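# Structural overview
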Amino acid sequence: MRDPPVNTTTLTQLQRLEAESIHIFRETAAEGERPVLLFSGGKDSVVMLHLAAKAFWPAPIPFPVLHVDTGHNFPEVLEFRDRTVERLRIRLEVASVQDYIDDGRLAERPDGTRNQLQTVPLLDAITEGRHDVVYGGARRDEEKARAKERIISLRDEFGQWDPRNQRPELWNLYNTRHRPGEHVRVFPLSNWTELDIWSYITEQGIDLPSLYYAHERDVVSRDGMWLAVGEHVQPRERETVQTRTVRYRTVGDMSCTGAVESPAATAQEVLAEVMTSTLTERGATRADDRVSEAAMEDRKREGYF
């Protein structure tokens, strides 16, 4: 009797990551009652949405997307966000930080940044939408607090995260059970790196906001970063406005997200740059993560991603 044929098909690294993410989407969406996907228009959330579309094709994506709008977003990103949800015909939910400031539920910070004001609007939107499964684009390689996360992250009735209260994830089995009032955050991109993300964007031809690629912009040098001059960032004493060819590695608020000098105008050129980078995108360009050594972990404990 002949031996059965051996399957010699070998998946590439990107194919394995894609298959894992699609599996996570299908398994957790089937267990949730009202899932939602956090969508900022940044590269990670764009890739996550692309994977969600693949996971449920040819059916439409079976949940809405939620954007916490701080009011300090890059115009290019908001335009891309609206264009994307229209193309995919999915519902967009928006939690506005400005609304909370206007009615007194939140106060402006002394430094003028708003990224750290997102937690309350986010938690309120989750509660009001009765969302029990919340997809986020966090990756373990981004920052040490995110490296502590598992793919499924249980949040208590206050939306808070306890790194000591995490469940084992054996054999790709994902436990989304939670008590009334609690919810779970799900991170389909946990095992991806920035290099994986850009390799996938290049391979799949995924569209991104234009600011991810080289362009000229008026900037000032502040705290080792190039900040875009505009409504939310004005030059301080002894700061000189310069026109530089820059791009963004990550997308956050204009008031706290720095650009990097770069001539990379295509996904392939960005990919080549990322291959030689020695700093993560958040470590290099996000002022809000430099507040303290535990800045991100403190925010995660409060309910932020």
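What you see is a predicted model; the values in this text were computed from it and never measured.

### So, the nonpolar core
- Counting residues in hydrophobic clusters, the biggest one holds 56 residues, and the most contacted among them are Phe25, Leu37, Val47, Phe63, Tyr135, Trp198 and Ile201.
- If you tally residues by element for this core, the top one is helix α2 (residues 43–56), at 8 residues.
- Core analysis: the second largest hydrophobic core is formed by 14 residues, Val36, Val97, Leu106 and Leu117 among them.

### Digging into the sheet that holds strand β1 (residues 36–38)
- Strand order across the open sheet formed by 6 strands is β3-β2-β1-β4-β6-β5, with mixed pairing between neighbours. A single partner strand is all that each edge strand has here, and the edge strands are β3 (92–96) and β5 (152–155). If you compare each strand with its neighbour and ignore which way they point, the axes differ by 30 degrees on average.
- Here strand β2 (residues 65–69) pairs with β3 via 5 bridges, running parallel. Along β3, the bridge assignment pairs Val68 with Ala95.
- Relative to the sheet, helix α1 (residues 13–31) contacts β1, β4 (133–135), β5 and β6 (183–186), its axis offset from that of β4 by approximately 155 degrees.
- On top of the sheet, α2 reaches β1, β2 and β4; it is set at about 150 degrees to β1, its chief contact.

### Observations regarding the pairing of β6
- Burial along β6 is two-sided: the residues His183 and Arg185 and Val184 and Val186 are all buried.
- The sheet contact formed by β4 and β6 spans 3 bridges and is parallel. Residue pairing in the sheet places Val134 in a bridge with Arg185 of β6.
- Relative to β6, β5 is paired through 4 bridges, and the arrangement is antiparallel. Of the residues in β6, the one forming a bridge with Arg155 is His183.

### Topic: the packing of α2 against helix α7 (residues 194–204)
- Contact geometry of α2 with α7 gives a least axis separation of 11 Å together with a crossing angle of 55 degrees. Of the possible angle classes, the one that applies to α2 and α7 is oblique. Here α2 runs over α7; the crossing is left-handed. Residue-level inspection shows Lys43, Asp44, Val47, His50, Leu51 and Lys54 of α2 in contact with α7, the latter providing Glu194, Ile197, Trp198, Tyr200, Ile201 and Gln204.
- Broken down by class, the residue content of the contact of α2 with α7 amounts to 6 nonpolar, 2 polar and 4 charged.

What counts, and at which threshold
- Residues numbered from 1 in each chain as written.
- Predicted model: local features only at pLDDT ≥ 70, side-chain atom pairs only at ≥ 80, totals over all residues.
- Heavy atoms only, no water.
- Core = buried A, V, L, I, M, F, W, Y, C linked by side-chain atoms within 4.5 Å.
- Buried < 20%, exposed > 50% of the residue type's maximum accessible area, 1.4 Å probe, protein only.
- Helix = DSSP H or I, 4+ residues; strand = E, 2+ residues; numbered from the N terminus.
- Pairing = 2+ DSSP bridges.
- Axes fitted to C-alpha atoms, helices over the stretch in contact; angles between N-to-C directions.
- Contact = heavy atoms within 4.5 Å.
- Parallel < 35°, antiparallel > 145°, perpendicular 65-115°, else oblique.
- Left-handed = near helix turned anticlockwise from the far one by under 90°.
- Nonpolar A, V, L, I, M, F, W, Y, C, P; charged D, E, K, R; others polar.

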